Structures are given as C-alpha cells and as structure tokens.
Amino acid sequence: MVIAISVRNLSFSFNQADETALKNLSMDIEQGSRCLLVGANGAGKSTLLRILAGKRLTKGHVQVYGKDVFQNQPSGITYLGTEWAMNPVVRGDIRVSEFLDSVGGFRHKDRRDTLLNILDVDVDWRMHQISDGERRRVQLVMGLMVPWTLLLLDEVTVDLDVVVRTDLINFLIAESKERNATILYATHIFDGLFNFPTHVMHMRLGSNVGNPEPWPLVPQSPLHHIIKQSNVEASPLLKLALAWLREDLVYRREYEKSIDRQRGARSETTDSETFYSRFDYWKGK
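Residues numbered from 1 in each chain as written. Predicted model: local features only at pLDDT ≥ 70, side-chain atom pairs only at ≥ 80, totals over all residues. Heavy atoms only, no water.

By the naming in an unreviewed UniProt entry, the protein goes by ABC transporter domain-containing protein and is assigned to Wallemia ichthyophaga.

This is the structure:
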C-alpha cells in the first residue's frame, strides 16, 4: 500500500487574531483513492486542499507521495478551485484555442482533445463572452489535460450541467483506475456521485471526524445505522452526508453557545438600528 497523502497534527489559522481554521487534523489517503470530503461550510475543506497544493504555508507534517509539499513538492499535483473563473486574466478577449495553447495545450493534444469532447467546449469561444459554466469547462480542460498524480478539486463542478458533470465524473473514475492516480474532492453536490468515491471523510470545524471510510460501506461499518435511520428519499451517500451535516449543526451550535456566540437573529437592538431609526425616510409612506 502506497500512501499518497500523509498529514499529522495539522493546525492552521489565517492570522493570530482569527480562530483556528484547521485543528490537529491527521489523515492518510492511499494512492489510487478517490476520497470525497463531506462537511458544512467552514469545516476547513478548502483550506485543507490549498495546503495540500502548497498554496498555504504551515508548519507540521504534510506530505504527498512522501515529499514535503512546502520544501520538496512532488510533481503531478493539480488543484482546481472556484476562484479561477473570477480571475480577470481568464476573462480577457482571447479565443479558447489560443488560451489553451498558451498554457501548453499543444503539448498534450490527445488529452486536450478528449477533454474538449467530454466537456463540450468550442475552441472558437472567446473567454470574455462565455458564461460562468462555459468558463468553468475551459478551466477543467486546462487543469486536467496535463497528466496528474494527485487531483485536488474544490467545488469545481457546481456550474456544470448534469450531462457534462456526469461525463466528467466518469472520466475521473477512469483516470484514477487506469493511472492509479489519487483524487480528493470537496463538494456539496452528491447527486450522481454514488459510484465515484472509494472513500468518504467527514470534516467538522477544522478537524476530520475519524479516518477516511471505505465506500461503499463495508457490512461491518458502524455508519450503516445512520443510513438505515434516515427517512429521506435519497441515495445512501446523500443520506450519510445529510446525517453528518445535521449532526455537525447541533455540535456547532453547542460549541458556539459555550463560547457565547450565536448565529441568526438576535433580540437586542443594534447600534445601527438606533442610528438609522432617526433617519427613517419611509415612515409615514
């Protein structure tokens, strides 16, 4: 068994004034795995993926294929996140074919052409005229056309229609099996993913809740009772995700109560309300 990702006691905060984004996180991901990260907004999924990609510097044991991602980063790591489509550089007046060639598309013509077909991309599109969903497809062609050994995906399928998304998922499964490549995928869209993961990992408030669980669940897994207790008409994967996220909500509310924090509406009158009530021009209308 080859370990693709090894993390030990990882903690991270964006600055000293902020609450810790990751707390004592440890995990091992085997090579060839397709691990689905499940967690609520703010659980630390995106932060973890950026650290594994070497985009966030932190201390501690963070290795990919036995190499430190900060000091001796191995080749073959590809990270694709949602922020790419908002970059003004990729919204310029340039044809898709020229854009892809500028990032090495001509060196990987066979893979580029396969992805152009799967993602239904027109090479004559101009980047400043296409929709966010079409721009996302171009991003995926760009990111996936260079062969990778570790793929880190952060919600990049959110803009895709169901046909393209399904074809892309099938492509990623085939890539993982044929090349023994590893995928770590964070998403909130579980429809159509039942056959995608080999493992699922639960993240909550910056930590992982247990080790990555093999998927589909083995008969002796303690998680089976969660799915059986669900009264939701959904796939087993979605049932598990819903149960975990509802559990996280209760856990987070209890934690925030213990530190005197509260989300949602409050009964007190804010300073803003007091100030603006003196200048409420809608009164009497």
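A. Highlighting the overall build of the protein. Check the secondary structure of the protein and you find 8 helices and 11 strands. Expressed along its principal axes, the backbone C-alpha trace of the protein runs to roughly 65 × 55 × 45 Å. Among the 285 residues that make up the protein, the fraction classed as buried is 44%. Of the contacts formed within the protein by residues at least 6 apart in sequence, a portion of 68% connects residues at least 24 apart. Carbon and sulfur atoms make up 49% of the accessible area of the protein, which amounts to about 15700 Å² in all. Side-chain charges in the protein split into 35 positive and 35 negative, and the spacing between the mean points of these groups amounts to 3 Å. (Helix = DSSP H or I, 4+ residues; strand = E, 2+ residues; numbered from the N terminus. Buried < 20%, exposed > 50% of the residue type's maximum accessible area, 1.4 Å probe, protein only. Contact = heavy atoms within 4.5 Å. Areas by Shrake-Rupley, 256 points an atom, 1.4 Å probe, with all protein chains shown as cover. Lys, Arg positive; Asp, Glu negative; His and termini not counted. Charge placed at Lys NZ, Arg CZ, Asp CG, Glu CD.)

B. Up close: the pairing of strand S6 (residues 77-80). Of the two faces of S6, the one lined by Ile77 and Tyr79 and the one lined by Thr78 and Leu80 are each fully buried. Pairing geometry for S6 and strand S7 (residues 150-154), over 4 bridges, is parallel. Residue pairing across strands places isoleucine 77 opposite leucine 150, the latter belonging to S7. (Pairing = 2+ DSSP bridges.)

C. Here's a closer look at the side chain of lysine 239. Among the structural elements, lysine 239 can be located in helix H7 (residues 236-258). Residues in contact with lysine 239, not counting those within four places in the same chain, are Ile227, Ser230, Val232 and Ala234.

D. Fine view of the packing of aromatic side chains. Counted by the stated rule, this structure contains 3 aromatic pairs. Ring geometry for tyrosine 185 against phenylalanine 196: centres 5.6 Å apart, planes inclined by 85°, an arrangement best described as edge-to-face. Residue tyrosine 185 is located in strand S8 (residues 182-186), and its partner phenylalanine 196 is located in the loop between S8 and strand S9 (199-204); the two are separated by 11 residues in the primary sequence. Comparing tyrosine 185 with phenylalanine 196 shows no difference in burial state: the two are buried. (Phe/Tyr/Trp six-rings, centres within 6.5 Å; stacked < 30°, edge-to-face > 60°.)

E. The arrangement of helix H5 (residues 162-179) in detail. In this model H5 runs 26 Å from its N-terminal to its C-terminal C-alpha over 18 residues, within 8% of the 26 Å that 1.5 Å per residue would give. In this structure, the buried residues of H5 make contact with strand S3 (34-38), helix H3 (109-118), helix H4 (132-144), S7 and S8. Immediately beyond the C-terminal end of H5, within one or two residues, lies asparagine 180, with a positive phi of roughly 55°. (Expected span 1.5 Å × (residues − 1).)

F. Summary view of the sheet that holds strand S5 (residues 67-68). The antiparallel open sheet is built from 4 strands, whose spatial order is S2-S1-S4-S5. Each end of this open sheet is capped by a strand with a single partner; those strands are strand S2 (22-30) and S5.

G. Just the side chain of threonine 58, in detail. As for its placement among the helices and strands, threonine 58 is situated in the loop between helix H1 (45-52) and strand S4 (61-64). Judged by its relative accessible area of 15%, threonine 58 falls in the buried class. There is a polar contact of 3.2 Å between the side chain of threonine 58 and the backbone oxygen of serine 11. Among all residues touching threonine 58, those that are not within four sequence positions of it are Leu10, Ser11, Phe12, Ile51 and Phe70. (Polar contact = N/O pair within 3.5 Å; in protein donor to acceptor, adjacent residues only side chain to side chain.)

H. The arrangement of the domain arrangement of the protein in detail. Splitting the protein by domain gives domain 1 (1-76 + 148-220) and domain 2 (90-146). A separation of 25 Å is found between the C-alpha centroids of domain 1 and domain 2. In this assembly, 13 residues from domain 1 lie in contact with 15 residues from domain 2. Counting each side, the surface lost to burial between domain 1 and domain 2 is near 1200 Å², with a carbon and sulfur contribution of 67%. (Domains from an automatic or database assignment. Buried area = accessible area lost by both parts, 1.4 Å probe.)

I. Main features of the environment of phenylalanine 70. Following the sequence through the fold, phenylalanine 70 ends up in the loop between S5 and S6. On the basis of relative accessible area, phenylalanine 70 is assigned to the buried category, the value being 19%. When the C-alpha atoms of phenylalanine 70 and histidine 128 are compared, they prove to be 35 Å apart, with 58 residues separating the residues in sequence. When neighbours within four sequence positions are excluded, phenylalanine 70 is seen to be in contact with Ile51, Gly54, Arg56, Leu57, Thr58 and Val62.

J. The arrangement of the pattern of salt bridges in detail. A full pass over the atoms with the stated rule returns 16 salt bridges. For arginine 136, the salt bridge is made with aspartate 159, and the minimal N-O distance between the two is 3.1 Å. Of this pair, arginine 136 sits in helix H4 while aspartate 159 sits in the loop between S7 and H5, and the two are 23 residues apart along the sequence. Overall, aspartate 159 belongs to the partly exposed group, its relative accessible area being 32%. For arginine 204, the salt bridge is made with aspartate 248, and the minimal N-O distance between the two is 2.8 Å. A residue pair is termed long-range when its members are at least 10 positions apart, and arginine 204 in strand S9 and aspartate 248 in helix H7 qualify at 44 residues. We note that arginine 204, like aspartate 248, is buried. Look at the salt bridges and you will find they share partners, linking Asp101, Lys109, Arg112 and Asp113 into a network. (Salt bridge = Lys/Arg side-chain N within 4 Å of Asp/Glu carboxyl O.)

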